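One letter stands for each residue in the lines below.
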Amino acid sequence: MTAVLLPLSLLFVWSLVSDRMSRWSVTAPIAFAVAGAALAGGVRSAIGFDLDAHTFQRCVEIVLAVMLFTDATEARGYERLGRSVGEGRLLGLALPASVLLGTLVGVVLFPGAGWWLAAVAALVVMPADLAPVLSLLRDERVPLRVRAALNVEGGFNDGLVSPFFVFCVANLVSADGDTFTDLLLNAARGAAYAALVGAVLGFLASWLVRRSREAGWTGPTGLRMAGLALPFLACTASSEVGGNGFVAAFVTGLCYARTARPAGDDHLRLVHDVSHLMALAVWFTFGVLIADEFADGVSLAVVVYAVLALTLARFVPVVTALTGSGFSGAERAAVGWLGSRGVTSIVFAVLAYTQLPDGEAAFVAETACATVLLSVVAHGVTAEPIARWFARSAPREAGGTGGSPPATATRDTE
């Protein structure tokens, strides 16, 4: 009973004091991570928390599916910002280059890990999640195109990374009879089935919602329930036909987002609130991971890996990809530095932790925890100085400042 009472009490209390605590720079990621470490981490914990349980793995998979769906539904606000973010350079060039650099760093620092395990670790730690710098993304002192670029990247990179993550994990846990070609074909087939299921379900749901509203058969409450059901439906339907449930949830969200035009934003509010609640649970889990993995200390190699993942492997590809895209040098540097890590990396790390053998699972968990923890501190501390620097800098080009980017797929965990 304690295992249920304490987390629910924490959620209730936090809901009452969150705005006040944010003024003291105590955000939800910090609060729930500390609570997870204190209440459920270590051997003598107040709450029994089994990360290896099959039920827990299924719950994490559901969390990722809902997050991917909500991220994708934000696509409706990105179309008008396409030119300002370098026409996909962050996602099409910088993200793959960052993963490759992260893999190389892992192989160099941990020679015994192997390329597949290094690739899994890179896919876990490289996707950006903007919770640690969420307040900066609403700060009009920062150029609009910088905030828009970070929003687009944070909304889409987890959906693009997920099939490659699943493929690399499958290569590590596959049976001896499964060749690389077999795994590659299975991954491609699973992604294709998922994309088909997601597209059909998303467009069909969009059409049905519009027709139902026009006929007066449903209202705001019904629409919100329909939006909440979709990521679960997409993930389950895709799994039934052998598809990748994560890809299906993401594609469903992309296709369903078109309903936002006639139905407004209200019909997606419930699923976004549920995603926010799940994000808090993920930060709680992060605290448990930190307490368990760092109980005996952390190696220098892991710390160096985290530093390089946040700097070299992130900064160089982003600055290079945005060269010639209309961003100033300062704006490119800001986008390169502010690629904070958060919920996405934690969810991927937990999934790897529950599927990989003990040694490999510990390696991914340690690198992910170190990277996310360092990101929360470093990006949280530097966000305000960066905003002040932009405020003091010379006048920017028209269209580069002011305004607010569209509501994004960031997990609002302030």
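Not measured: the values here are computed from a predicted model.

A few words on the overall build of the protein chain. Within the protein chain, the regular secondary structure consists of 16 helices and 0 strands. Buried residues in the protein chain amount to 50% of all 414 residues. Taking contacts inside the protein chain between residues at least 6 apart in sequence as the whole, the part at least 24 apart equals 86%. Taken as a whole, the protein chain presents about 17,900 Å² of accessible surface, with 64% of it coming from carbon and sulfur.

A few words now on the environment of Met278. As for its position among the elements, Met278 is in helix 11 (residues 269–293). With relative accessibility at 14%, the residue Met278 sits in the buried group. Residues Met278 and Val60, spaced 218 residues apart in sequence, show a C-alpha to C-alpha distance of 9.3 Å.

Right, let's talk about the side chain of Asp139 for a bit. Along the polypeptide, Asp139 turns up in the loop between helix 5 (115–125) and helix 6 (144–173). A polar side-chain atom of Asp139 sits 2.5 Å from a polar atom in the side chain of Arg141. Beyond its immediate stretch of four places on either side in the chain, Asp139 contacts Arg147, Glu384 and Ala387.

Okay, the packing of helix 5 against helix 6 next. Look at helix 5 against helix 6: their axes get within 9 Å of each other, and the N-to-C directions meet at 150°. In terms of axis orientation, helix 5 runs roughly antiparallel to helix 6. Of the two elements, helix 5 crosses helix 6, and the hand of that crossing is left-handed. Seen from helix 5, the contacting residues are Trp116, Leu117, Ala119, Val120, Leu123 and Val124; seen from helix 6, they are Val161, Phe164, Phe165, Phe167, Cys168, Val169, Asn171 and Leu172. A class-by-class count of the residues in the contact of helix 5 with helix 6 yields 13 nonpolar, 1 polar and no charged.

Turning to the UniProt feature "transmembrane region" (unreviewed entry) in the protein chain, a few remarks are in order. UniProt records the feature "transmembrane region" (unreviewed entry) for residues 28–47, 90–110, 116–137, 190–209, 270–291, 297–322, 334–356 and 362–382 in the present numbering. For residues 116–137, helix accounts for 45% and strand for 0%, while the C-alpha atoms at its two ends are 35 Å apart. Taken as a whole, residues 270–291 contains 100% helix and 0% strand, while its terminal C-alpha atoms sit 32 Å from one another.

Among the nonpolar cores identified, the biggest contains 87 residues, and Val120, Val124, Phe165, Trp283, Phe286, Val347 and Val364 are the most heavily contacted of them. With 22 residues, the next largest nonpolar core counts Leu130, Leu136, Ala321 and Leu338 among its residues.

Definitions and cut-offs
- Residues numbered from 1 in each chain as written.
- Predicted model: local features only at pLDDT ≥ 70, side-chain atom pairs only at ≥ 80, totals over all residues.
- Heavy atoms only, no water.
- Helix = DSSP H or I, 4+ residues; strand = E, 2+ residues; numbered from the N terminus.
- Buried < 20%, exposed > 50% of the residue type's maximum accessible area, 1.4 Å probe, protein only.
- Contact = heavy atoms within 4.5 Å.
- Areas by Shrake-Rupley, 256 points an atom, 1.4 Å probe, with all protein chains shown as cover.
- Polar contact = N/O pair within 3.5 Å; in protein donor to acceptor, adjacent residues only side chain to side chain.
- Axes fitted to C-alpha atoms, helices over the stretch in contact; angles between N-to-C directions.
- Parallel < 35°, antiparallel > 145°, perpendicular 65-115°, else oblique.
- Left-handed = near helix turned anticlockwise from the far one by under 90°.
- Nonpolar A, V, L, I, M, F, W, Y, C, P; charged D, E, K, R; others polar.
- UniProt positions renumbered as here; feature names shortened; annotations may be inferred.
- Core = buried A, V, L, I, M, F, W, Y, C linked by side-chain atoms within 4.5 Å.

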